[in-house]
Each structure stands twice: as C-alpha cells, then as structure tokens.
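Inside the fold
Chain residues, written in single-letter form:
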Amino acid sequence: VSLERSPFLKWSAQSRAFESGRWTHVVHPNVPVFEKKRDDDDDDDENEDESNPALVPPRCVNVGKEEKKAFGRAKHVQTLSASMFTTSDAQNQFKRQLEMVAFGCEDVSHVLFVSGDGKRNAKKDLDALEMLKIAKKMRMKGSVPDHVKFAVVANPNTEDVSAEYLEQKVDAGAELVITQPFFDHERCHEWVENAKM
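Counting of residues starts from 1 at the beginning of each chain's written sequence and follows it residue by residue. Local features in this predicted model are restricted to residues of pLDDT 70 or higher, and side-chain atom pairs are both shown and tallied only at a pLDDT of 80 or more, whereas totals for entire chains, interfaces and linings draw on every residue. Values reported for side chains reflect all heavy atoms of the structure, with hydrogen atoms and water molecules removed beforehand.

**Examining the pattern of salt bridges**
- By definition here, a salt bridge exists when the distance from a side-chain nitrogen of Lys or Arg to a carboxyl oxygen of Asp or Glu is within 4 Å. Applying the stated criterion across every chain, the model contains 2 salt bridges.
- Glu67 serves as the salt-bridge partner of Arg5, at 2.8 Å between the closest nitrogen and oxygen. Of this pair, Arg5 sits in the loop between strand S1 (2–4) and helix H1 (11–14) while Glu67 sits in helix H2 (residues 65–71); the two residues are 62 residues apart in sequence, bridging distant segments of the chain. Accessibility assignment for this pair places Arg5 and Glu67 in one class, buried.
- Put simply, Arg139 and Glu175 hold a salt bridge, and the shortest N to O gap is 3.1 Å. On the criterion of sequence distance, the pair formed by Arg139 in helix H4 (residues 128–140) and Glu175 in the loop between helix H5 (164–172) and strand S8 (176–179) is long-range, its members being 36 residues apart. Secondary structure elements follow DSSP: runs of H or I no shorter than four residues count as helices, runs of E no shorter than two count as strands, and numbering proceeds from the N terminus. Three labels apply to residues, based on accessible area from a 1.4 Å probe with only protein chains included: buried if under 20% of the type maximum, exposed if over 50%, partly exposed otherwise in between.

**Quick look at the layout of surface pockets**
- Reported here for the largest pocket is a volume of approximately 650 Å³.
- Any residue with an atom within 4 Å of a point lines the site, the site being either a cavity, points on a 1 Å grid over the protein atoms alone where a 1.4 Å probe fits but cannot get out, or a pocket, an open set with protein on both sides within 12 Å along at least 5 of 7 lines. Along the walls of the largest pocket sit 31 residues, with Glu4, Leu112, Val114, Val153 and Gln180 positioned nearest its centre.
- A total of 4 residues in the lining of the largest pocket trace back to one element, the largest contributor, which is S8.
- For this classification, the nonpolar set comprises Ala, Val, Leu, Ile, Met, Phe, Trp, Tyr, Cys and Pro, the charged set comprises Asp, Glu, Lys and Arg, and every other residue, Gly included, is treated as polar. For the lining of the largest pocket, the class distribution of residues is 16 nonpolar, 10 polar and 5 charged. Grid points are joined across faces, edges and corners, and a volume is the space filled by probe spheres set on the points.

**Overview of the packing of helix H3 (residues 90–104) against H4**
- Relative orientation of the contacting elements H3 and H4 amounts to 55 degrees, with a least axis distance of 11 Å. Our classification of the angle between H3 and H4 gives oblique. Where H3 crosses over H4, the two elements pack in a sense that is right-handed. On H4, the residues touching Gln91, Phe94, Lys95, Leu98 and Glu99 of H3 are Glu130, Met131, Ile134, Ala135 and Met138.
- In terms of residue class, the contact of H3 with H4 is built from 6 nonpolar, 1 polar and 3 charged. Under this scheme, a helix contributes an axis fitted over its contacting stretch, all axes are lines through C-alpha atoms, and angles between N-to-C directions fall in the 0 to 180 degree range. Any angle that falls under 35 degrees is termed roughly parallel, while one over 145 is termed roughly antiparallel, one within 65 to 115 roughly perpendicular, and all others oblique. When the near helix sits turned anticlockwise from the far one by under a right angle, the crossing is termed left-handed; a clockwise turn instead gives a right-handed crossing. Whether two residues touch is decided by their heavy atoms; if any such pair falls within 4.5 Å, the residues are in contact.

**Quick look at the confidence of the model for the chain**
- Looking at the chain, pLDDT values average 80 and 82% of them are 70 or higher.
- Each residue carries a pLDDT value, the predictor's own confidence for that position, ranging from 0 to 100. Per-element mean pLDDT across the chain ranges from 48 in strand S3 (residues 34–35) up to 94 in H4.
- A low-confidence stretch, residues 33–50 (pLDDT under 50), is modelled with 21 contacts involving residues beyond four sequence positions or located in other chains.
- Contacts from residues 119–123, a stretch scored under 50 in pLDDT, to residues over four places away or in other chains number 12 contacts.

**Digging into the packing of aromatic side chains**
- Only centres within 6.5 Å qualify two rings of Phe, Tyr or Trp (six-membered ring in Trp) as a pair; their planes then separate them into stacked at under 30 degrees, edge-to-face at over 60, and tilted for everything else. Applying the stated criterion across every chain yields a total of 8 aromatic pairs.
- Arranged with centres 5.5 Å apart and planes meeting at 85 degrees, the rings of Trp11 and Phe71 form a pair that is edge-to-face. Linking Trp11 in helix H1 with Phe71 in helix H2, this pair joins segments that are 60 residues apart in sequence.
- Each ring, one from Trp23 and one from Phe71, has its centre 6.3 Å from the other, and the planes form 85 degrees; the classification is edge-to-face. Placement of Trp23 in the loop between H1 and strand S2 (25–28) and of Phe71 in helix H2 is noted, with a sequence separation of 48 residues between them. Like Phe71, Trp23 is buried.
- Within the aromatic cluster, the residues linked to one another by ring pairs are Trp11, Phe18, Trp23 and Phe71.
- Consider the ring centre and the ring normal. A charge sits over the ring if Lys NZ or Arg CZ is within 6 Å of that centre and within 35 degrees of that normal. Between Arg139 and the ring centre of Phe150, over which it is positioned, the NZ or CZ distance is 4.0 Å.

Listed below in structure tokens is the structure:
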C-alpha cells in the first residue's frame, strides 16, 4: 500500500493519514523540477542558455524530521513526470533530474515514472515508457545505482483490460507497479489476470 505525501499541504494536515502504519511506500509527487532565472537575479552572463534552466532539488531531499520519524522504515518513492520536462532538451533535463534523485535522496528505493498531466514537452518524445528506456540504459552505464528500482503506475479502471501497456512498461524495465484503487472489481480482476500472463 502506497500513501502520497502531498507537497502542497502542510505536514500537520496529512500526518494522521500516516499513523495507521498499514502502508509500505511513501510516494513523493513530482513538483516543478526546473526553475527559470528571476528578473531580479544578478545576470553576469547575458547569453545564458534559456533551454538549460537550473535544477531544483526533488521533494525527497526535503523531508522534515517529523515526517522521517512518521515514515519509519517505509520505502520512499520519488515521482518523475514527463510533463515537467518541457524544453526542447527534455531528455537531458530528465537524465539530470534522475541522477539527482538516484544519488541525492538517501532514502529513495524507487523512482516512479509517469507521463503526467498538462502540456507535454516541446518535441513530444518523452513519456513514462520512454523515461523507463532511458533510465534502464543509464543504469547499465552506472549512472543510476542498482539499488534504486524503477516503478510505474497503472489504472485498471481506465486502461484496456488486456494490460498491454503495462506489459510494455515491464519489458522496458519496470520493477514495481502502483495502481489506483479498484472500483469495478470484475473488470479489475480480468485486468489482473491478464497482467499475470
């Protein structure tokens, strides 16, 4: 069971949800990971590359002491959403952010790849499946440590019951699948059975 730690709410507003102890993973949602230079920042380099904005640390590196205590031994899952990488250099943005998560978040056991909502990147060449393929190659080259596992989402309520897209994600390197709660049990049972094949 995974619980999401929303970065948009104070810890005091969420802490009770984490008191049951009946969960194994805490998911840190993706927040905007690149920031543009502010107008009031000193700009020594007028030719700074606008397509190469500064990295912002992922949520998993900013976990408070009270949160850490509440999370206990739970596994930490940092989400990376393709929709957050919006420049023409989206793949390199993603690689830099993945390295920051893999080597900068000591408690992270999984990185969760999602396509995300909203506008896609300029070239429309990055989604959860493509991020998995890139991450797998990075791991083979040593850019991502072996102990950081790759996770994906699946929604049995809306996806084709054939679970074909999930199969593609698993073939691309997914090691953990996080699903939304089931609503139509008959449909979801069929989806789970197909996913096992």
